[in-house]
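Summary of the model geometry
So you can see what is in the structure, the chains are spelled out below.
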Amino acid sequence: MKEYKLALSDEVLMQVEKPARYIGNEVNSVNKAGDERVAIRFAMCFPDVYEIGMSHLGIQILYDMLNGWEDVWCERVYSPWLDLDRIMRKEHIPLFGLESQDPIKDFDFLGITLQYEMCYTNILQLLELAGLPLYATERTAEQPIVIGGGPCSYNPEPIADFFDLFYIGEGETRYRELLDLYKAHKEKGLDRDAFLREAASIPGMYVPKFYRTEYKDDGTIASFSPVYEELPKTISKEMVKDVSNTYYPMKPVVPFIKVTQDRVVLEIQRGCIRGCRFCQAGQLYRPVRERDVEVMKRYAMEMLKNTGHEEISLSSLSSSDYTDLKELVYFLIEECKKRSINISLPSLRIDAFSLDVMSKVQDIKKSSLTFAPEAGSQRLRDVINKGLSEETILKGSALAFQGGWSRVKLYFMLGLPTETEEDIRGIADLSNKIAATYFEVVPKEERKNGSVQIVASSSFFIPKPFTPFQWSPMNTREEFIDKAQTVKKAVREQINQKRIKYNWHEADVSMIEGLLARGDRKLSKVIEKVYRKGALFESWSEHFHYDLWLEALKECGLSLDFYTTRERSLEEIFPWDFLDCGVTKAFLIREWKQALEEKESPNCKQKCLGCGAARYGVGVCVEEKAAKAAE
Amino acid sequence: MRVRIKFSKHGVVKFIGHLDIMRYFQKAIRRSGIDIAYSSGFSPHQIMSFAAPLGVGYCSNGEYMDIEVNSHQGSDQMLTALNEVMVEGIEVLSVVALPDHAGNAMASVAAAGYTIEWKEGYEPLADLEKTVEAFLNRDTIPVVKQTKKSELSLDLKPGIYELTAKENCLYFLVDASSSGNIKPTLLLEALYRFAGQEFDPLAVQITREETYTALIDGERRTLVPLDAVGEKF
């Protein structure tokens, strides 16, 4: 009677929540079972639950690229949810690929994308359920090569011991070379170390076990160097030079169940010109490279047709800076209207254009405006180089209120470098001014929907590698909580306090994210201990246990403060200093000093700051020069 | 024009729940290029309604949904276009146009036929044929139905139109209308209890064979498949 192949029995599937997470077979998924040309089996994994992982564009891009090669079959893997995790352990069911339903241990590669620090314990779950040793040095020739990539690989050290290989930078460029090398080694009988040693010479590849760290007595790094002479001392990120002419998934996989990003995603550009000093992505993906607008139009139509999605959204770090945004958006509005497709707009800078667009694609009564001032005062916004003035915010709000909007969302950070009580109270003050603007510009008789609503949210600032703030101490947990209380009180003191709602993130998770973000190799033992104590899905606040981390740190003789609240000197060697993300350390130091002097820096379109990314000779670095030369 | 679509569901897609099947068809219809009608408003939705939800784990040879289309190129083209965009396990079996007087799919449902097979590793109910005969030979078949808030006692007998056993398989045709729907598991629980055993829902594979509507002609009530009220176009 059973005419299909599934790794899980009916009994198991009927017991777990959302069995459709585990059955594969989705529209546009690729099944190469029985295809004799397949020489490499690749499992691409997002270490979180299916609904989160399926919403990630990067995996769809790599899945499409790898499956486009006839000798490769790439499958997907996500973290089994807690209910299935328990069953798999109890019944010794090995982790499997969604497409073939075959055990992961029989694959050639297990690729894991590293999107946020709080999924690190889930990586260990995947390795253990797959039946692989957690530590790379213990793996044998028959076991898959475990490769990591994504933003967190820009400081891979806390998880370095668990990976055979990290791919630093954008995935489109070097996989073919890596897989060809692997095939050559596999044909003559794979010697894991011999393969990895050769792989380590491919640009962008980092094999952690071939690098050694020496520490000083104070716990900071004394030296970091390769154990073989031929290996590079510095590993440079890989980057796509022509973003209009590269891999893009025209047929993304369409999940059966509702996932977080249940829509066509159009990545219009990579990188950001802004240079906000807290933002890691803004540095990592330099220089800004825009995709050709005609290519984007074609992709949009093609992807809508191939998926049947009823919604499309634009993706980029700052869509308002995309040169042809107007043309693209008005094109989409027209085409999508014909097809009854919704357009979901990313947070655009609020101006006449964005309000016009929003009024066309959303129900004004139900939608809200979003501003991300990030800091409560102009002084602190200058420190973080957030080029958003109070005047711009109030003007934008006034325009929006006149257009019929009455709900505003504001995003802030607490704990930014040089922050004072005045900056903190500024959050309440700015919220109040926005509410006051509403009463100023909207006459009484036109106030509908129960007047204006301001929701201010704050997260806690976490210094990240490769940002000008990488030298900054992080606040203590107690300082964070006090600061949130200060904002809460200050909001209550405002005239329009009834119109303002204030939310803040949990401090505990931020502390551990801070620990892992700037951590070193000593932390692998801590992560393992936390995992052994039962931690999983820690990016889900209900599954996060702060005390487990404190316990594990204590057991390993390590201090949370060393990694988070400690003041770092400009001379200190950071765990990630051997990576070259495109911007130079000298540039980051200049920006750090500018910040402490409360000085703004211009964005890439205004003036080149000489960050180092111009060496790639692409994107905004050359376009602006060409434009200037033409003048 | 209103169109009724019949489809089957087998294999791994039996683990896709009803709401997700609806979402699946919304996307499939967009991929197929069918000129479906939309509601008005800021987030227009397709005019589509399903006959009867199918439980997770069930297979089917007789699922139905109605859609409204603005234009078309005939039922054969529509059937082909849909099957070109289906995943393995879901097949569109028929496409017919509904006459104006026909009720919507959900309201039209009067009965459904189910096949019950025992899965590998599970023993069928002992003496299946005799047990079924004795089970039916009673004046009433009382059961207690667990609802959200309370327990409800009812008699299954009037709603069982047919119940046969052969070769370790069960087939039954039961009331599936909104007022009198008999869930297959409710009937199976009653049968097992009658035989003095406990029913394990994991032991059986349930397949809905067909969904029926009732044609009323004076005193006569005839059950016909839901697509029998429409015609090819």
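Sequence order sets the numbering: in each chain, residues are counted from 1 along the sequence as written. Each chain gets a letter, beginning with A, and each ligand a number, beginning with 1, in the order they are written. For this predicted model, a pLDDT threshold of at least 70 governs which residues receive local features, and a threshold of 80 or more governs which side-chain atom pairs are given and counted, while totals over whole chains, interfaces and linings are taken from all residues. Each side-chain value is derived from all of the structure's non-hydrogen atoms; neither hydrogens nor water enter the calculation.

**Some remarks on the overall build of chain B**
To keep it simple, the criterion reads: Think of it this way: any DSSP run of H or I at least four residues long counts as a helix, any run of E at least two long counts as a strand, and we number them from the N terminus. With C-alpha atoms as the basis for the radius of gyration, the globule rule is written as 2.2 Å multiplied by the number of residues raised to the power 0.38. Exposure categories follow from relative accessible area, calculated using a 1.4 Å probe and restricted to protein chains: below 20% of the type maximum is buried, above 50% is exposed, and the middle band is partly exposed. Throughout, a residue-residue contact means that at least one pair of heavy atoms, one from each residue, lies within 4.5 Å. Only the protein chains shown count as cover for residues, and the accessible areas themselves come from Shrake-Rupley with a 1.4 Å probe. The positive count covers Lys and Arg only, the negative count covers Asp and Glu only, and His and the chain ends enter neither. Working definition for charges: the position is that of NZ of Lys, CZ of Arg, CG of Asp or CD of Glu.
When you go through chain B residue by residue, the secondary structure sums to five helices and eleven strands. Relative to the globule expectation of 17 Å for 233 residues, the C-alpha radius of gyration of chain B, 19 Å, shows essentially globular dimensions. Projected onto the principal axes, the alpha-carbon positions of chain B cover approximately 55 × 45 × 35 Å. Burial analysis of chain B (233 residues in total) assigns 51% to the buried set. Counted over contacts in chain B with a minimum sequence separation of 6, partners at least 24 positions apart contribute 71%. Accessible area for chain B stands at about 11400 Å²; split by element, carbon and sulfur atoms hold 49% of it. In chain B, which carries 23 positive and 31 negative side-chain charges, the distance between the mean positions of the two groups comes to 6 Å.

**Re the overall build of chain A**
Of regular secondary structure, chain A possesses 21 helices and 19 strands. The C-alpha atoms of chain A give 25 Å as radius of gyration, which agrees with the globular expectation for 631 residues (25 Å, within 12%). Here the C-alpha coordinates of chain A stretch approximately 75 × 65 × 60 Å along the principal axes. Residues classed as buried in chain A amount to 61% of the 631 residues present. Across chain A, the fraction of contacts at a sequence separation of at least 24, relative to all contacts at a separation of at least 6, is 76%. Accessible area for chain A stands at about 24900 Å²; split by element, carbon and sulfur atoms hold 49% of it.

**Observations regarding the sheet that holds strand S17 (residues 453-460) of chain A**
Residues and elements named next belong to chain A. Our working definition: Pairing between strands is defined by DSSP: at least two bridges between the two strands are required. Fitting a line to C-alpha atoms yields each axis, with helices limited to the stretch in contact; the angle taken between N-to-C directions then spans 0 to 180 degrees.
Taken in spatial order, the four strands of this open sheet run S15-S16-S17-S18, and their pairing is parallel. One side of each edge strand has no neighbouring strand; the edge strands of this open sheet are strand S15 (369-374) and strand S18 (500-504). Across the sheet, the mean angle from the axis of one strand to that of its neighbour is 20°, orientation sign disregarded. Packing against the sheet, helix H14 (residues 421-441) makes contact with S15, strand S16 (407-414), S17 and S18, and its axis sits at approximately 170° to S16. This element, helix H15 (residues 477-492), spans S16, S17 and S18 of the sheet and lies at about 175° to S18.

**Brief notes about empty space enclosed by the protein**
All names here are of chain A. Using the following cut-off: Space inside and on the surface of the protein is sampled on a 1 Å grid over the protein atoms alone, with a cavity defined as a set of points where a 1.4 Å probe fits but cannot get out and a pocket as an open set with protein on both sides within 12 Å along at least 5 of 7 lines; lining residues have an atom within 4 Å of a point. Grid points are joined across faces, edges and corners, and a volume is the space filled by probe spheres set on the points. Note that Gly is not counted as nonpolar here; it falls among the polar residues with everything else outside the nonpolar set of Ala, Val, Leu, Ile, Met, Phe, Trp, Tyr, Cys and Pro and the charged set of Asp, Glu, Lys and Arg.
Per the counting criterion, the structure on display carries eight cavities of 30 Å³ or more. Of the pockets and cavities examined, the largest cavity occupies roughly 150 Å³. Lining the largest cavity are 16 residues, and of these Gln60, Pro252, Gln261, Arg263 and Val265 lie nearest its centre. Its residues assigned to classes, the lining of the largest cavity comprises nine nonpolar, five polar and two charged.

**Comments concerning the interface of chain B and chain A**
Applicable threshold: A quick way to say it: buried area is the sum, across both parts, of accessible area lost when two parts are put together, with a 1.4 Å probe. When a carboxyl oxygen of Asp or Glu is within 4 Å of a side-chain nitrogen of Lys or Arg, the pair counts as a salt bridge. Here a polar contact is taken to be a pair of N or O atoms separated by no more than 3.5 Å, where protein atoms must pair a possible hydrogen donor with a possible acceptor and residues adjacent in sequence count only if both atoms sit in side chains.
Chain B puts 28 residues into the contact, and the matching count from chain A is 35 residues. Where chain B abuts chain A, roughly 2700 Å² becomes buried across the two surfaces, and 62% of that area is made up of carbon and sulfur atoms. Among the residues chain B hides against chain A, the three largest losses belong to B:Phe15, B:Arg30 and B:Phe42. Together they make up 26% of the total. For the interface between chain B and chain A, the tally reads five salt bridges. Across the pair A:Glu310 and B:Lys27 runs a salt bridge, and its minimum N-O distance is 2.7 Å. Applying the counting rule to chain B against chain A returns 14 residue pairs in polar contact (both at pLDDT 80 or more). Mapped by element, the contributors of at least two residues to the side of chain B that touches chain A are helix H1 (18-32) and strand S5 (109-118) of chain B. The greatest single-element share of the side of chain B that touches chain A, amounting to seven residues, is contributed by H1(B).

**As for the domain arrangement of chain B**
Note: interface size is frequently given as the accessible area lost on complex formation between the parts. Residue and element names in this part refer to chain B. This is how it is decided: Domain start and stop points were drawn from an automatic or database domain assignment.
Looking at the assigned domains, one finds that chain B contains domain 1 (2-102) and domain 2 (110-225). Between the C-alpha centres of domain 1 and domain 2 there is a distance of 27 Å. Each partner contributes to the interface: domain 1 provides 14 residues, whereas domain 2 provides twelve residues. Here domain 1 packs against domain 2, burying approximately 950 Å² in sum over the two surfaces, 41% of which is carbon and sulfur. Counting the surface domain 1 buries against domain 2, the share from its top three residues, Tyr58, Cys59 and Asn61, is 46%. On the surface where domain 1 and domain 2 come into contact, there are two salt bridges. In this structure, Lys6 and Glu210 form a salt bridge, with 2.7 Å as the shortest nitrogen-oxygen distance.

**Thoughts on the packing of aromatic side chains**
Stated precisely, the cut-off is as follows: Here the aromatic set is Phe, Tyr and Trp, taking the six-membered ring for Trp, and pairing holds for ring centres within 6.5 Å; pairs whose planes are under 30 degrees apart are stacked, those over 60 apart are edge-to-face, and all others are tilted. Here, a charge over a ring means that NZ of Lys or CZ of Arg falls within 6 Å of the ring centre while also lying within 35 degrees of the ring normal.
With the rule as written, the count across this model stands at 40 aromatic pairs over all chains. Taking 4.5 Å as the distance between ring centres and 50° as the angle between the ring planes, the aromatic pair formed by B:Phe7 and B:Phe25 counts as tilted. In this pair, B:Phe7 is assigned in strand S1 (residues 2-9) and B:Phe25 in helix H1, connecting sequence segments 18 residues apart. The burial state of B:Phe7 is the same as that of B:Phe25; both residues are buried. Ring centres 5.7 Å apart and planes at 50° place the aromatic pair B:Tyr114 and B:Phe172 in the tilted group. Of this pair, B:Tyr114 sits in strand S5 while B:Phe172 is found in strand S9 (residues 169-175), placing the two residues 58 residues apart along the sequence. The exposure classification of B:Tyr114 matches that of B:Phe172, with both residues buried. Every member of this aromatic cluster is reached through a ring pair, and the members are A:Phe42, A:Phe109, A:Tyr167, A:Tyr175, A:Tyr182 and A:Phe195. Lying over the aromatic face of A:Tyr228, A:Arg197 brings its terminal NZ or CZ to 3.4 Å of the ring centre.

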